[in-house]
Amino acid sequence: MPSLLIASHNTHKMAEIATILGEDFDVQSLAKFPAAPEVVEDGDTFADNAIIKATEIAAWLGGQALPDFVLADDSGLEVDALDGAPGVHSARYAGGDGNAPDDANNAKLLRELADVPDDNRGAQFHCVLALVALGQAAEVRTFEGICRGRIAQAQAGQGGFGYDPLFVPDGHELSFAELGRGVKNAISHRARALAKLAEYFR
C-alpha cells in the first residue's frame, strides 16, 4: 500500500483525496508535520505550483523514514468568458493577504459575470497532481483532470467548498454543492486526476 503525504494545509482537499483514493492508499496529512514550511505558490500554471509544492516539501523532509511519496495538488476554476480567470489565482481571487474567503471569491466572480448570458458562462475546474518519491525529488510525475460545466447565476447548496455552490457540471442541473460529496467525488477534476494516479500504481 503506497503511503502519500499530501503537501497541503487545505483540510477540504485532504479529505477529498483520502476519500477518493480509498483504502488502497495510506493518505497522510501535512498536519503531522507542524514545522513544515509554507510553500510560496508563484508558478504560472497549476502544474508549476503543484510541482513546487511537492518538490519543496519532499526536500524539506529529506531522508527521514516517512511516507513513500509526497503528493501535491494545485487546482482552480477557469471561466471561458474571463479568458481563463481566476485560474491559478482562484483561492485569492477577491484579493487581500493570502487566500480569500470562499464567499468573497464567489461574490467577485458573480460580479464579473453579471452581464454574461447563460449560454456564455462555460467554465472548467482544472486539477494537476504532482507526485514525488522521497529520496528522488528530481523525478516528478504529474496527473491532470478537468471537469467542464458552467457558472450559475447565484450560489446554491451547502456542501463542498470554494466555487462549488456556483459550478454546475456538464450533464447536471445542480451545483457541486447541491449534488453532494458522492457525486462530486465521482466526476470532479480532482477525481479524474486521482484516477490517473491510481492507475499509475496498478
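This text goes with the structure placed above it.
Report follows, based on the coordinates. As the structure is a computational prediction, the values presented were derived from the model and not from experiment. (Residues numbered from 1 in each chain as written. Predicted model: local features only at pLDDT ≥ 70, side-chain atom pairs only at ≥ 80, totals over all residues. Heavy atoms only, no water.)

Brief notes about the overall build of the protein chain
- Helices and strands together make up the secondary structure of the protein chain, namely six helices and six strands.
- Along the chain direction, N to C, the helices and strands of the protein chain fall in the order β-α-β-α-β-α-β-β-β-α-α-α.
- Here the protein chain has a C-alpha radius of gyration of 17 Å; the compact-globule value for 202 residues is 17 Å, and the two agree.
- Expressed as a percentage of its 202 residues, the buried residues of the protein chain come to 47%. (Helix = DSSP H or I, 4+ residues; strand = E, 2+ residues; numbered from the N terminus. Rg over C-alpha atoms; globule rule 2.2 N^0.38 Å. Buried < 20%, exposed > 50% of the residue type's maximum accessible area, 1.4 Å probe, protein only.)

Some thoughts on a negative patch on the surface
- On the surface, Asp42, Asp44, Asp48 and Glu56 cluster together into a negatively charged patch.
- Position of Asp48 relative to the elements: it lies in helix H2 (residues 46-61).
- Taking the relative accessible area as the measure of exposure, Asp48 reaches 33% and is therefore partly exposed. (Patch = residues over 30% accessible without salt bridge, like charges linked within 9 Å, V, L, I, M, F, W, Y side chains within 5 Å. Areas by Shrake-Rupley, 256 points an atom, 1.4 Å probe, with all protein chains shown as cover. Salt bridge = Lys/Arg side-chain N within 4 Å of Asp/Glu carboxyl O. Lys, Arg positive; Asp, Glu negative; His and termini not counted. Charge placed at Lys NZ, Arg CZ, Asp CG, Glu CD.)

Remarks on the nonpolar core
- Counting 19 residues, the largest nonpolar core has Leu5, Leu30, Phe33, Ala54, Ile57, Leu61 and Val70 as its most contacted members.
- In terms of residue count, H2 provides more of this core than any other element does, six residues in total.
- Leave out the neighbours within four places in its chain, and Leu5 touches Gln28, Ser29, Leu30, Phe33, Ile57, Leu61, Pro67, Phe69, Val70 and Leu71.
- Counting 18 residues, the second largest nonpolar core, distinct from the first, contains Leu21, Phe25, Leu131 and Ala193. (Core = buried A, V, L, I, M, F, W, Y, C linked by side-chain atoms within 4.5 Å. Contact = heavy atoms within 4.5 Å.)

Notes on the packing of aromatic side chains
- The tally for this structure, following the rule as stated, stands at eight aromatic pairs.
- Centroid distance Phe25 to Phe201: 5.4 Å. Interplanar angle 75°. Geometry classified as edge-to-face. Taken together, the residues Phe25 in the loop between helix H1 (11-21) and strand E2 (26-29) and Phe201 in helix H6 (residues 189-201) connect sequence positions 176 residues apart.
- Residue Phe25 is classed as buried on the basis of its relative accessible area, which comes to 9%.
- Taken together, a centroid distance of 5.1 Å and an interplanar angle of 70° make the contact between Tyr200 and Phe201 edge-to-face.
- Looking at Phe201, the relative accessible area reads 26%, which means it is partly exposed.
- One aromatic cluster is present, formed by Phe25, Phe69, Phe143, Tyr200 and Phe201 through successive ring pairs. (Phe/Tyr/Trp six-rings, centres within 6.5 Å; stacked < 30°, edge-to-face > 60°.)

Comments concerning the sheet that holds strand E3 (residues 69-79)
- Spatially, E2-E1-E3-E4-E5-E6 is the arrangement adopted by the six strands of the open sheet, whose pairing is mixed. The sheet is open, and its two edges are formed by E2 and strand E6 (167-169), each paired on a single side. The average angle at which neighbouring strand axes cross in this sheet is 35°, direction not considered.
- Direction of pairing for strand E5 (residues 140-151) relative to E6: antiparallel, over a ladder of three bridges. Counterpart to Arg150 in the pairing with E6 is Val168. (Pairing = 2+ DSSP bridges. Axes fitted to C-alpha atoms, helices over the stretch in contact; angles between N-to-C directions.)

Some remarks on the side chain of Lys53
- Residue placement: Lys53 occurs in helix H2.
- Residue Lys53 is classed as buried on the basis of its relative accessible area of 6%.
- With residues near it in sequence (within four places) discarded, Lys53 still touches Ala7, Lys13, Val39, Glu41, Ala72, Asp73 and Asp74.

Comments concerning the pairing of E5
- In terms of strand pairing, strand E4 (residues 122-133) meets E5 through 11 bridges, oriented antiparallel. Note that in E5 the partner of His126 across the bridge is Ile146.

Observations regarding the pairing of E2
- With four bridges connecting them, strand E1 (residues 3-6) and E2 associate as parallel partners. From the neighbouring strand, Ser3 faces E2, where its bridge partner is Asp26.
- For the handedness criterion, the β-α-β arrangement of E1, H1 and E2 is classed as right-handed. (Right-handed = clockwise from strand over helix to strand, strands pointing away.)

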